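Working through the structure, step by step
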Amino acid sequence: MLEKIKDNLYLLPKQGKMQVDGYVIAHSKLIPALYNDESLKQLQNAASIPGVYRAVYGMPDLHEGFGLPIGGVMATVLPEGVISAGAVGMDINCGVRLLTTPFAARELSRERLRKLVSAIERYVPAGVGKKNREKEVRKLLPQVLVHGVRALLEEGYGIEEDLAKIEEGGVMPGADLKALSETALSRGAEGLGTLGGGNHFIELQEVVEIREKQLAERYGLYPGQLCVMVHTGSRGLGHQVCTEYTEILYRAGPKYRVNVPAKGLAAVPFSSPEGKQYYQAMVAVANFAYANRQLITYYLRLVFKEQLGDGKLDLVYDLAHNIAKIEVHDERTVLVHRKGATRALPAGHRANLPAFKETGHPVLIPGSMGTKSYVLRATPQITLTFNSLNHGAGRSMSRKASIKNITVSDLKQALGEILLNEKPEAVLDEAPQAYKDIDLVIETVTGAGLAEVVAILKPLAVIKGKD
DNA sequence: ATGTCC
């Protein structure tokens, strides 16, 4: 089905109802796994959606999802093209934030590290169904949905400098609370400031390698530095909104003569009332997720102050990897749906935040639990994928299969000296054996000429939430 | 990913 064009680049040729070609960025060793799940079929489905533009793309961490595969990028021409809730994903604005600390990793004894982990667990509720305990936080929900991180700054949960390092400045315009159901609002109030479960985590990491010294320094990264990476999203709120709107869009589709190949790709024209309403809801939820990572940062700063006497944690960057954005490509306005894909703007791109205009922004790519994380920078060739890169390693095994096939000792061996807050048996589905090889995935995007490695971090301790 | 099927 895939035709090799050159190393790390494959064509999924237009056939059947596909309106455009597909392209998959993948190392040859990553190809066989793509035939073991529905991801290529899902990419073909995406290529048949009304108003799809130029081509659909699969990142090297591609795997089966709901509707659009994880690691999928699909753009639609505006205003006549469609918007799809399933192509954004359940966890709207799931994303990653990287923080530097004023400490060197080697300054921390194992005992100190252990105490740090317990303190983080005390401050940040982690695990499926975990709720925040503070009335004052729940009260912030309406402002957070409309004003994003800015609303938190006004209440003292952050500093002005934080905004300069968050994608979109921590707020997307166009949110409307009326687009959210009572259930969604209630789940949002409970979920604000919580980590969640699944692949979400807080990691204490050490910068172990710098590949681009000047760029790393511009990003605030130095060898040996202790860093904190936060991976979470919009919790039950995003799930609720995706579920509700998939149903709404699925029912409304025929009214606009939009027929979709799978319910997960339910879509309506962007300019339709339902389309506009989903976009207003998605933006509100995206603002919530940026704020969620900000609130967790506030807790982390308290923890560092309490445990180590200095809570000066500075943002390297905060980015979304499940979202749809209005962008200009080939001088056309399109809606780029990225699901498990990171926007990656090269040097000089005008959509960069002022802090990164000259250099291009850091692209934060976590590995799987216990493996390295990468900071990349996109090259000018990134226009190939609508300025998109992968979002992580990508699953190679379903959660169910992982629990069945991976043993506690497999996971313990993979973790080695790395501290884990949870019992290994509680997070077997997150074992690195359930994921693709992050080094190979990164080699793919660098080999394809889409990005270069700036810095590499390795985990010292992992905080996970239980399912 | 998710109050993992109100």
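What you see is a predicted model; the values in this text were computed from it and never measured.

1. Things to note about the overall build of chain A
- Secondary structure assignment for chain A yields 14 helices and 19 strands.
- For a compact globule of 467 residues, the expected C-alpha radius of gyration is about 23 Å, and chain A comes in at 21 Å, within 12% of that figure.
- Dimensions of chain A along its principal axes, counting C-alpha atoms only, are 60 × 50 × 50 Å.
- Looking at chain A as a whole, 61% of its 467 residues are labelled buried.
- In chain A, 56 positive and 51 negative side-chain charges are present, and the distance between their average locations comes to 2 Å.

2. Concerning the packing of aromatic side chains
- Applying the stated rule across the entire model yields 10 aromatic pairs.
- Here the aromatic rings of Y157 and Y298 are separated by 4.7 Å at their centres, their planes lie at 85°, and the arrangement is edge-to-face. Taken together, the positions of Y157 in the loop between α6 (149-153) and α7 (160-163) and Y298 in helix α11 (residues 273-308) put the pair 141 residues apart, joining distant regions of the chain.
- Judged by relative accessible area, which is 11%, Y157 ranks as buried.
- For Y298, a relative accessible area of 24% gives the class partly exposed.
- An aromatic cluster of at least three residues, connected via ring pairs, comprises Y23, Y53, Y57 and F386.

3. Notes on the environment of P362
- Assignment of secondary structure puts P362 in the loop between β14 (341-343) and β15 (363-365).
- For the pair formed by P362 and L319, sequence separation is 43 residues and the distance between their alpha carbons is 9.1 Å.
- The contact partners of P362, leaving out residues within four places of it in the chain, are Y219, V316, Y317, L319, F356, V375 and L376.

4. Considering the UniProt feature "binding site: Mn(2+) 1" (unreviewed entry) in chain A
- Within the UniProt annotation, "binding site: Mn(2+) 1" (unreviewed entry) is assigned to D91 and H200. Despite a sequence span of 110 residues, these residues sit close together in the fold, their greatest C-alpha distance being 10.9 Å.
- Tracing the backbone through its elements, the reader meets D91 in the loop between β6 (82-84) and β7 (95-104).
- If we skip the residues at most four places from it in the chain, D91 touches H200, G233, S234, R235 and N322.
- Engagement of the side chain of D91 in a polar contact is seen with the backbone nitrogen of S234, the distance being 2.7 Å.
- Here H200 is to be found in the loop between α8 (182-191) and β8 (201-210).

5. Section: the packing of helix α3 (residues 110-123) against α11
- The geometry of α3 relative to α11 is characterised by a closest axis approach of 10 Å and an angle of 140° between their N-to-C directions. By the angle between their axes, α3 is oblique relative to α11. Helix-helix and strand crossings are classified by hand; for α3 and α11 the assignment is right-handed. Contacts between α3 and α11 involve R112, K115, L116, A119, I120, R122 and Y123 on the former and, on the latter, Y299, L300, L302, V303, F304, E306, Q307 and L308.

6. Examining the protein's contact with DNA strand B
- Every one of the 16 residues lining DNA strand B counts as a neighbour, but R187, G197, N199, R235 and D467 are closest to it.
- When the atoms of DNA strand B within 4 Å of the protein are sorted by group, sugar and phosphate make up 56%.
- Here a phosphate oxygen of DNA strand B sits 2.9 Å away from a polar atom, N or O, in the main chain of G197.
- Of all the secondary-structure elements, those providing two or more residues to the surface near DNA strand B are α8 and α10 (235-252).
- Here the surface near DNA strand B takes three residues from α10, the largest share from any one element.
- By residue class, the composition of the surface near DNA strand B is two nonpolar, nine polar and five charged.

7. Looking at the environment of K464
- Checked against the element boundaries, K464 lands in strand β19 (residues 451-464).
- Taking the relative accessible area as the measure of exposure, K464 reaches 2% and is therefore buried.
- C-alpha of K464 to C-alpha of G196: the two residues are 268 residues apart in sequence and 8.2 Å apart in space.
- Not counting chain neighbours up to four residues away, the residues in contact with K464 comprise A126, G198, N199, H200, F201, M369, L420, N421, E422, V427 and E430.
- In terms of polar contacts, K464 uses its side chain to reach the side chain of E430, at 3.5 Å.

8. Description of the UniProt feature "active site" (unreviewed entry) in chain A
- Under the present numbering, the feature "active site" (unreviewed entry) in UniProt falls on H391.
- Note on placement: H391 falls in the loop between β17 (388-390) and α12 (399-405).
- The class of H391 is buried, set by a relative accessible area of 11%.
- Setting aside residues no more than four positions away along its own chain, H391 makes contact with D61, I70, H321, G340, A341, T342, I365 and P366.
- A polar contact of 2.5 Å, which involves the side chain of H391, links it to the side chain of D61.

9. Observations regarding the pattern of salt bridges
- Here the structure, examined in full by the defined rule, presents 26 salt bridges.
- Note that K312 and D314 form a salt bridge whose closest N and O atoms lie 2.6 Å from each other.
- Several salt bridges share partner residues, and in doing so they unite R395, R399, D429, E430 and K464 into one network.

10. Structural notes on α3
- Taking 1.5 Å per residue as the helical rise, α3 with its 14 residues ought to reach 20 Å, and the 20 Å between its terminal C-alpha atoms agrees with that figure.
- All of the buried residues along α3 are L113, L116, V117, A119 and I120. For α3, the angular spread of the buried residues around the axis is 165°, confining them to a single face.
- Those residues of α3 that are buried lie in contact with β8, α11, β18 (419-420) and β19.

11. Considering a positive patch on the surface
- A cluster of basic residues, K130, R133, K423 and K466, forms a positive patch on the protein surface.
- Take K466: it is sitting in the segment after β19.

12. Observations regarding the pairing of strand β12 (residues 322-329)
- For β12, the buried fraction is high: six of the eight residues fall into the buried class.
- Linkage of β12 to strand β13 (residues 332-339), two consecutive antiparallel strands, is achieved through a turn of two residues, within which D330 is found at a positive phi near 50°.

13. What about the sheet that holds β12?
- On the basis of which strands lie adjacent, the open sheet formed by seven strands has the order β1-β2-β3-β4-β5-β13-β12 and mixed pairing. Taken across any chain shown, the strands that pair with only one partner, and hence form the sheet edges, are β1 (3-6) and β12. For this sheet, the mean angle separating the axes of adjacent strands, direction not counted, is 25°.
- Of the pairings in the sheet, the one linking β1 to strand β2 (residues 9-12) comprises three bridges and is antiparallel in character. Across the sheet, residue E3 finds its bridge partner in β2, namely L11.
- On the sheet, helix α2 (residues 39-46) packs against β2, β3 (21-25), β4 (55-63) and β5 (70-77) and is oriented at approximately 160° with respect to β4.

Conventions we followed
Residues numbered from 1 in each chain as written. Chains lettered and ligands numbered in written order. Predicted model: local features only at pLDDT ≥ 70, side-chain atom pairs only at ≥ 80, totals over all residues. Heavy atoms only, no water. Helix = DSSP H or I, 4+ residues; strand = E, 2+ residues; numbered from the N terminus. Rg over C-alpha atoms; globule rule 2.2 N^0.38 Å. Buried < 20%, exposed > 50% of the residue type's maximum accessible area, 1.4 Å probe, protein only. Lys, Arg positive; Asp, Glu negative; His and termini not counted. Charge placed at Lys NZ, Arg CZ, Asp CG, Glu CD. Phe/Tyr/Trp six-rings, centres within 6.5 Å; stacked < 30°, edge-to-face > 60°. Contact = heavy atoms within 4.5 Å. UniProt positions renumbered as here; feature names shortened; annotations may be inferred. Polar contact = N/O pair within 3.5 Å; in protein donor to acceptor, adjacent residues only side chain to side chain. Axes fitted to C-alpha atoms, helices over the stretch in contact; angles between N-to-C directions. Parallel < 35°, antiparallel > 145°, perpendicular 65-115°, else oblique. Left-handed = near helix turned anticlockwise from the far one by under 90°. Near = heavy atom within 4 Å. Nonpolar A, V, L, I, M, F, W, Y, C, P; charged D, E, K, R; others polar. Salt bridge = Lys/Arg side-chain N within 4 Å of Asp/Glu carboxyl O. Expected span 1.5 Å × (residues − 1). Arc of directions from axis to C-beta. Patch = residues over 30% accessible without salt bridge, like charges linked within 9 Å, V, L, I, M, F, W, Y side chains within 5 Å. Areas by Shrake-Rupley, 256 points an atom, 1.4 Å probe, with all protein chains shown as cover. Pairing = 2+ DSSP bridges.

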